[in-house]
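# Coordinate analysis (summary)
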Amino acid sequence: MIESPKPHDLLWGMPPERLPQGAPAWAINALQAGRPVVVRRTLDTEGRVAVGIRGRAREERFASWMPLDDIQRCVRPEQLIVTRLHTTHPTLQTLLAIQPLLDKSGLSWGATGSVGYALATGLATLNDASDLDLLIRLPSPFSREAARALLGELEAHARCRLDIQLETPHGGLALREWAGATTGVMLKTDQGPRLSRDPWHSSAQAA
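My aim in this report is to walk through the structure given alongside it, one point at a time. Since we're looking at a predicted model, the values are computed, not measured. (Residues numbered from 1 in each chain as written. Predicted model: local features only at pLDDT ≥ 70, side-chain atom pairs only at ≥ 80, totals over all residues. Heavy atoms only, no water.)

The subject of this paragraph is empty space enclosed by the protein. In the structure shown here, the tally under the stated rule is one cavity of 30 Å³ or more. R35, R54, G55, R56, Y117, L123 and T125 are the residues that line the largest cavity. (1 Å grid on protein atoms, 1.4 Å probe; cavity = no way out; pocket = protein on both sides within 12 Å on 5 of 7 lines; lining within 4 Å. Points joined across faces, edges and corners; volume = space filled by probe spheres on them.)

Quick look at the structure:
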């Protein structure tokens, strides 16, 4: 049995017939080709999961809904960690360079965004300007000092821009924002974005 999908998971099995009338042709083609959809952070109580469909171009993004019963396969970001790469692409080279640092940290992490999609599908979704999108799961509080130290260490080995999201029990936030924060930060939740003083406690909303 497939566990409940989480934001950034990749799901296979959505048929094009699930798309609403008027959906773009590229989105229909993506599903017909058997490509996965990406779980979005939106609340639903009707046995569906909010998903996004990716095209080959950066601007090709389409939001939709996928019934849970359609899910045939789910791949989480943590399953997309790379062990070997034969490429000179700066984004993938950066991933290869910082993977030992993240592994050594003991944190649960994985690839998301264009690089995660490329690793999962083998499609050429990266370009020379692509960021390296990563997710770090943090069920327990992570200090700003630790965030600054981690970000500095990773950026010292980066050949592209790093876009790292921290996933807390109450939502997600950017590592870069948390590392530089002095007051509240923007926390992405199922109910939408909100300011929070402490992303690990749901009641700690910023004034």
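Having seen it, we continue.
Moving on to the layout of surface pockets. There is about 760 Å³ of room inside the largest pocket. Every element with two or more residues in the lining of the largest pocket is listed here: strand 2 (37–39), strand 3 (48–54), strand 4 (61–67), helix 3 (113–121) and strand 8 (162–168). At four residues, helix 3 tops the list of elements feeding residues into the lining of the largest pocket. Considered class by class, the residues forming the lining of the largest pocket number eleven nonpolar, eight polar and nine charged. Along the wall of the second largest pocket there are 28 residues; nearest its centre are P5, K6, P7, T42 and D190. The set of elements that each furnish at least two residues to the lining of the second largest pocket consists of strand 3, strand 8 and strand 10 (185–189). At three residues, the largest contribution of residues to the lining of the second largest pocket is made by strand 3. Residues belonging to the lining of the second largest pocket are distributed by class as follows: ten nonpolar, nine polar and nine charged. (Helix = DSSP H or I, 4+ residues; strand = E, 2+ residues; numbered from the N terminus. Nonpolar A, V, L, I, M, F, W, Y, C, P; charged D, E, K, R; others polar.)

Quick look at the packing of aromatic side chains now. Following the criterion strictly, the structure yields one aromatic pair and no others. Considering the side-chain rings of W178 and W200, the 5.4 Å spacing of their centres and the 65 degrees angle between planes classify their relative orientation as edge-to-face. With W178 in helix 5 (residues 175–180) and W200 in the segment after strand 11 (192–196), the pair connects residues that are 22 residues apart, well separated along the chain. Here W178 falls in the buried class, since its relative accessible area comes to 4%. A relative accessible area of 6% places W200 in the buried class. (Phe/Tyr/Trp six-rings, centres within 6.5 Å; stacked < 30°, edge-to-face > 60°. Buried < 20%, exposed > 50% of the residue type's maximum accessible area, 1.4 Å probe, protein only.)

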